[in-house]
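# Overview (structure and organization)
Residues per chain are reported as follows:
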Amino acid sequence: MDPAPPLDGTRPVRAGEELPADALARWLAGHLEAPHPSGSLEIAQFPGGHSNLTYLLRWGDRELVLRRPPVGSTVKTAHDMGREFRVLSKLAAVYPKAPRPFLHCDDPSILGAPFYLMERVRGTVLRDRRAGGLDIPPERMRALSEAAVNGLAELHRIDLDAAGLADLGRPRGYAARQVAGWGERWIAARTDDVPEIDRAFAWLGARIPAEDLPPALLHNDYKYDNLVFAPDLTRVVAVLDWEMATTGDPRMDLGYALACWIDPGDAPPLQALAFGPTAMPGNLARAEVAERYAAATGRTLEDLGDVLFFYVFGLAKLAVIAQQIYARYRRGLTRDERFARLLDGVRILGATAAKAVEKGRIDRLEA
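This section reports on the structure supplied with the text. (Residues numbered from 1 in each chain as written. Predicted model: local features only at pLDDT ≥ 70, side-chain atom pairs only at ≥ 80, totals over all residues. Heavy atoms only, no water.)

## Things to note about the environment of Ser-109
Tracing the sequence through the fold places Ser-109 in helix α3 (residues 108–111). The sequence separation of Ser-109 and Leu-165 amounts to 56 residues, and the corresponding C-alpha distance is 30 Å. (Helix = DSSP H or I, 4+ residues; strand = E, 2+ residues; numbered from the N terminus.)

Right, here's the structure in full:
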C-alpha cells in the first residue's frame, strides 16, 4: 500500500468511491453562480483520511473541494454533511482558518449521499510520520509543532456567542456522555476481543473529571494531517475536517490530540500509527504539548487537571473510530484495503492506554 503524499495533493479516485461525473456536472451547472467554466468536469481524490471522503473538482479554471460520507457507513449520528456545512458557514465569519463553504446538497439521488462543496485551500499537509521526506531542520520542526499547538488553543478561544455556535452541542456533562457514548460504540462495533479497551473505558468511567473549565468549540480530530501549513511551514493556514465539531470541555479535544501525538521514545508499533511527523527531531514531545497548550490558553498545567484521563480517553476514542472503520471493512461495506490492518491499530492503542494507566503518565511509557 502506497503511503499518502505529504503535500495537499490528489490521486485518481479509489475503486468503489467514484462519483457520477455527469450527474454532478449537471447539478453544479444548476447551482453554481454564472458564468460557468467551459470544458468537462475533472474529479480527483484527496487520499488521506479514513472517514468522510474528500474530492477535488476541476471545472475549467475553477477548483472546488467536495465532501461526502464514506461508502457503507451505518453510524447514524456521524457524517452529517448538513451539520458540517452549517458549522463552517458560521465559523468562516470569525475564524479565518476555516475553509469557506459554498453549497450543500441533501438530495441523495445526485451522488448516492448528501454532500457539500467548499473552497480549496492550498498549502502543505504533513500526512506521514516522516513528513514525506521533506527536509525540515529541528528548529523549524519545533516552530511548526508550536504553531500546531497554538492553533488548538486559538480554536478553543473562539467566542461561541459571536460565532453563533453556542447551541451547537450540550456542554454540561460532556465528558461523562463522551465516555459512555464511545464505550457503547465500542461494544456495537467490536469484532474481536481487545480487553485493554474494555478496561480503559471502565477506568475512565470511574474517573469523570469535574467541569472546571468553560465550554469551548471542539474540533474533535485535531492532528497534523488535518492542518494545512503555509508552503514555507511557518504557520497554520487552515484546519480541515470539521465533521465532529461540537462544544464541550476543551481538555477532551486536547486529549485526543495527545493520543495522535507520537513521541520518538514510544514503542515502534505505536510509532507506526503516527498521524504526522510528531516524532521528528525538534518536534515538541507529548508532555511539552500539554504544557504549551496550558500556557497558550493562559493557564498552568495544574489548571488542566488530570491530563492522563484526557489522554487515555483520546486513545480509547481513537481505537473505537478505527474499530468502526474496520467493522465496515469486515462486513464488506467498503473495499478500501487500507482498512484491512486497522484491528492491529486498535490493539496497539489499547496496549498504550493500559501502559499509560499503569505508569500514571502520558510520556516515557517505555521507560
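## Regarding helix α2 (residues 81–91)
Within α2, burial applies to Met-81, Gly-82, Glu-84, Phe-85, Val-87, Leu-88 and Leu-91. Check the buried side of α2 and you find it contacts β3 (62–68), β4 (101–105), β5 (115–118) and β6 (216–218). Measuring from the backbone nitrogen of Gly-82 back to the side-chain oxygen at the start of α2 gives 3.1 Å, which picks out Asp-80 as the cap. (Buried < 20%, exposed > 50% of the residue type's maximum accessible area, 1.4 Å probe, protein only. Contact = heavy atoms within 4.5 Å. Polar contact = N/O pair within 3.5 Å; in protein donor to acceptor, adjacent residues only side chain to side chain.)

## Here we look at the pattern of salt bridges
Going through the model one piece at a time under the given rule, you end up with 21 salt bridges. Taking the shortest distance from any N to any O, the salt bridge between Glu-63 and Arg-122 comes out at 3.1 Å. Here the residue Glu-63 occupies a position in strand β3, and Arg-122 occupies one in the loop between β5 and α4 (138–156), the gap between them amounting to 59 residues. A salt bridge links Arg-142 to Glu-146, with the shortest nitrogen-to-oxygen separation between them at 3.4 Å. Placement of the pair is Arg-142 and Glu-146 together in helix α4, with a separation of four residues, close to one helical turn. Arg-142 gets classed as partly exposed once you look at its relative accessible area, which sits at 34%. Among the ionic contacts, a cluster of salt bridges with common partners joins Arg-58, Glu-63, Arg-120 and Arg-122. (Salt bridge = Lys/Arg side-chain N within 4 Å of Asp/Glu carboxyl O.)

## Here we look at the side chain of Asp-221
Looking at where Asp-221 falls in the secondary structure, it is placed in the loop between β6 and β7 (227–229). Once residues within four sequence positions are removed from consideration, Asp-221 is found in contact with Asn-226, Met-244, Asp-253 and Tyr-256.

## As for the side chain of Thr-54
In this structure, Thr-54 sits in strand β2 (residues 53–59). There is a polar contact of 3.1 Å between the side chain of Thr-54 and the side chain of Arg-67. With sequence-adjacent residues up to four places away left out, Thr-54 is seen in contact with Gln-45, Phe-46, Val-65, Leu-66 and Arg-67.

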